[in-house]
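# Structural overview
The residues making up each chain are set out below.
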Amino acid sequence: VGYNNTRRFHLRRPPDLLRIAGPVRAVLDAWANAQVEGNVTAAMVGIREMPKPATVLSLDLGGTLGPFFFTLAFNLLFPTIVVSLVYEKEMRLRVMMEMMGLGRVAYWVINYVFWFLVYFIFCVVFLAAAYI
């Protein structure tokens, strides 16, 4: 059994959770004595005090969810690349470029370099925003 110890609340971290099995047993004994006439002791089976320091609750959402959103952000350009390739296939742009004299190797090198530069600029902007 734990409770929120707000007396020692610091702005930098969440409050401590302290174990209070003894006071809970005293309250339970008092309630049992008020309900039943006589001296009744309530046995709290399975709940025993162990010497341990207070547990500090730490919720770090940035550290937990950050890698997921970081990976998701770097994959945002993939659908754009696929859409552009499908558009070129639909409009037969590559066939027209080949008829005008552009070779296949030159086409794919230009395509690769263009999307690499777009992705590189995206990464630089994203990482610069992360360090601000």
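Moving on: the packing of helix 3 (residues 77-91) against helix 5 (residues 104-131). Remark: helix 3 packs on helix 5, axes separated minimally by 11 Å, with the N-to-C direction vectors making an angle of 155°. Between helix 3 and helix 5, the angle is such that the two are roughly antiparallel. Two packed elements cross with a definite hand, and for helix 3 against helix 5 that hand is right-handed. Between helix 3 and helix 5, the contacting residues are Leu-77, Thr-80, Ile-81, Ser-84, Leu-85 and Glu-88 on the first element and Tyr-107, Trp-108, Asn-111, Trp-115, Val-118, Tyr-119 and Phe-122 on the second.

Here we take up helix 5. Residue pairs three or four apart in sequence face the same way in an α-helix, which turns once every 3.6 residues. Look at helix 5: 41 Å from first C-alpha to last across 28 residues, which is about the 40 Å you get at 1.5 Å a residue. Turning to helix 5, its buried residues number three or more, namely Tyr-107, Asn-111, Trp-115 and Cys-123. Buried residues belonging to helix 5 abut helix 2 (61-74), helix 3 and helix 4 (93-99).

Here we come to the environment of Leu-127. The topology assignment puts Leu-127 in helix 5. Sequence separation between Leu-127 and Phe-70 is 57 residues; the distance between their C-alpha atoms is 9.9 Å. For Leu-127, the contacting residues outside a window of four places in its chain are Phe-70 and Phe-74.

This part covers helix 3. Helix length check: helix 3, at 15 residues, gives a terminal C-alpha distance of 21 Å against a target of 21 Å (1.5 Å per residue), a fit within 8%. Here helix 3 has its buried residues at Leu-77, Ser-84 and Glu-88. For helix 3, the angular spread of the buried residues around the axis is 35°, confining them to a single face. Of the exposed residues in helix 3, the ones pointing more than 90 degrees away from its buried face are Phe-78, Val-83, Lys-89 and Glu-90. Structurally, helix 3 contributes buried residues whose contacts are with helix 4 and helix 5. Of the residues one or two after helix 3, Arg-92 is the one with positive phi, at around 55°.

Turning to the environment of Leu-77, a few remarks are in order. By secondary structure assignment, the location of Leu-77 is in helix 3. The spacing of Leu-77 and Phe-122 is 45 residues in sequence and 8.7 Å in space, taken between C-alpha atoms. Discounting chain neighbours no more than four positions away, the residues touching Leu-77 are Val-118, Tyr-119 and Phe-122.

The next subject is the confidence of the model for the chain. With 74% of its residues at a pLDDT of 70 or more, the chain has an overall mean of 80. The least confident element of the chain, judged by mean pLDDT, is strand 1 (residues 2-5) at 50; the most confident is helix 3 at 93.

Scanning the entire structure with this criterion turns up 11 aromatic pairs. For the pair Phe-68 and Phe-69, a centre-to-centre distance of 5.2 Å together with 65° between the ring planes defines the contact as edge-to-face. Judged by centre distance (5.5 Å) and plane angle (50°), the ring pair of Phe-70 and Phe-126 falls under tilted. In this pair, Phe-70 sits in helix 2 while Phe-126 sits in helix 5, placing the two residues 56 residues apart along the sequence. Overall, the relative accessible area of 36% leaves Phe-70 in the partly exposed class. Here Phe-126 falls in the partly exposed class, since its relative accessible area comes to 26%. Following the ring pairs from residue to residue traces out a cluster consisting of Phe-70, Phe-74, Tyr-119, Phe-122 and Phe-126.

Parameters at a glance
- Residues numbered from 1 in each chain as written.
- Predicted model: local features only at pLDDT ≥ 70, side-chain atom pairs only at ≥ 80, totals over all residues.
- Heavy atoms only, no water.
- Axes fitted to C-alpha atoms, helices over the stretch in contact; angles between N-to-C directions.
- Helix = DSSP H or I, 4+ residues; strand = E, 2+ residues; numbered from the N terminus.
- Parallel < 35°, antiparallel > 145°, perpendicular 65-115°, else oblique.
- Left-handed = near helix turned anticlockwise from the far one by under 90°.
- Contact = heavy atoms within 4.5 Å.
- Expected span 1.5 Å × (residues − 1).
- Buried < 20%, exposed > 50% of the residue type's maximum accessible area, 1.4 Å probe, protein only.
- Arc of directions from axis to C-beta.
- pLDDT = per-residue confidence, 0-100.
- Phe/Tyr/Trp six-rings, centres within 6.5 Å; stacked < 30°, edge-to-face > 60°.

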